[in-house]
Amino acid sequence: MSRRLTAKLHKHPSCCAGLRPGASKTFGSLTLELDTAVTAFADNDECFRGHTRKANPVVAVQSHFVYSFPFASWAALDTTYYDGGRSTVDGVRNDAPCPTCASAGRWGGGL
């Protein structure tokens, strides 16, 4: 049985910073992983002609269930959930599509 705990801090020089803690645990041939992330955005005081754009943080959670077979083969089931990033300009909610907006869940698998 093995365990892994991680925490990564990332920072973009002009717009955002985030934290990505994660953990995994192996039970024989099965590995369970959980990764999370929070990204916070700085206010943009030079958005457009002196307006200020603010964005809420984006939160993400991912889980991975990996089964290892003999001879270096494996199968996995993955899930992901994102939420946040809604922005305002001068305190007014921005309903236009934006690259920082997220609210979705996904799942998938692979062999």
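Asks: An account of the overall build of the protein chain is needed here, citing residue identities and associated values.
Replies: The helix and strand tally for the protein chain stands at 0 helices and 9 strands. Listing every helix and strand of the protein chain by position from the N terminus yields β-β-β-β-β-β-β-β-β. Counting all 111 residues of the protein chain, 22% fall into the buried class. Accessible surface computed for the protein chain: about 7900 Å², of which carbon and sulfur atoms make up 61%.

Asks: Just give me the short version of the packing of aromatic side chains, but keep the residues and values in it.
Replies: In total, this model carries 1 aromatic pair according to the counting rule given. Centroid distance Tyr 67 to Phe 69: 4.9 Å. Interplanar angle 65°. Geometry classified as edge-to-face. Given the relative accessible area of 39%, Tyr 67 is considered partly exposed.

Asks: Lay out the sheet that holds strand S8 (residues 92-94) with the relevant residues and their values.
Replies: What the 3 strands build is an open sheet, ordered S4-S7-S8; its pairing is antiparallel. On the outer flanks of this sheet lie strand S4 (53-55) and S8, each paired with one strand and no other. For this sheet the average axis-to-axis angle between neighbouring strands, irrespective of direction, equals 35°. Of the pairings in the sheet, the one linking strand S7 (residues 87-89) to S8 comprises 3 bridges and is antiparallel in character. When the bridges of S8 are listed, Thr 88 appears paired with Arg 93.

Asks: Requested: an account of the pattern of salt bridges, with residues and values cited.
Replies: Scanning the entire structure with this criterion turns up 1 salt bridge. In this structure, Lys 54 and Asp 43 form a salt bridge, with 4.0 Å as the shortest nitrogen-oxygen distance. Here Lys 54 is found in strand S4, whereas its partner Asp 43 is found in the loop between strand S3 (30-41) and S4, with 11 residues between them in sequence. A relative accessible area of 41% means that Lys 54 is categorised as partly exposed. A relative accessible area of 43% means that Asp 43 is categorised as partly exposed.

Asks: For the environment of Gln 62, give the residues involved together with the corresponding values.
Replies: Residue placement: Gln 62 occurs in strand S5 (residues 58-69). With sequence-adjacent residues up to four places away left out, Gln 62 is seen in contact with Glu 33, Leu 34, Asp 35, Thr 79, Thr 80 and Tyr 82.

Asks: So what's going on with the side chain of Ser 63? Which residues, and what values?
Replies: Here Ser 63 is to be found in strand S5. For Ser 63, a relative accessible area of 13% puts it in the buried group. Engagement of the side chain of Ser 63 in a polar contact is seen with the side chain of Thr 79, the distance being 2.3 Å. Setting aside its immediate chain neighbours within four residues, Ser 63 contacts Glu 33, Leu 34, Leu 77, Asp 78 and Thr 79.

Asks: Summarise the confidence of the model for the protein chain; cite the residues concerned and give the values.
Replies: On average, residues of the protein chain carry a pLDDT of 80, and 76% of them reach 70 or more. When mean pLDDT is compared element by element in the protein chain, S5 scores highest at 91, while strand S1 (residues 2-11) scores lowest at 66.

Thresholds, definitions, all that
Residues numbered from 1 in each chain as written. Predicted model: local features only at pLDDT ≥ 70, side-chain atom pairs only at ≥ 80, totals over all residues. Heavy atoms only, no water. Helix = DSSP H or I, 4+ residues; strand = E, 2+ residues; numbered from the N terminus. Buried < 20%, exposed > 50% of the residue type's maximum accessible area, 1.4 Å probe, protein only. Areas by Shrake-Rupley, 256 points an atom, 1.4 Å probe, with all protein chains shown as cover. Phe/Tyr/Trp six-rings, centres within 6.5 Å; stacked < 30°, edge-to-face > 60°. Pairing = 2+ DSSP bridges. Axes fitted to C-alpha atoms, helices over the stretch in contact; angles between N-to-C directions. Salt bridge = Lys/Arg side-chain N within 4 Å of Asp/Glu carboxyl O. Contact = heavy atoms within 4.5 Å. Polar contact = N/O pair within 3.5 Å; in protein donor to acceptor, adjacent residues only side chain to side chain. pLDDT = per-residue confidence, 0-100.

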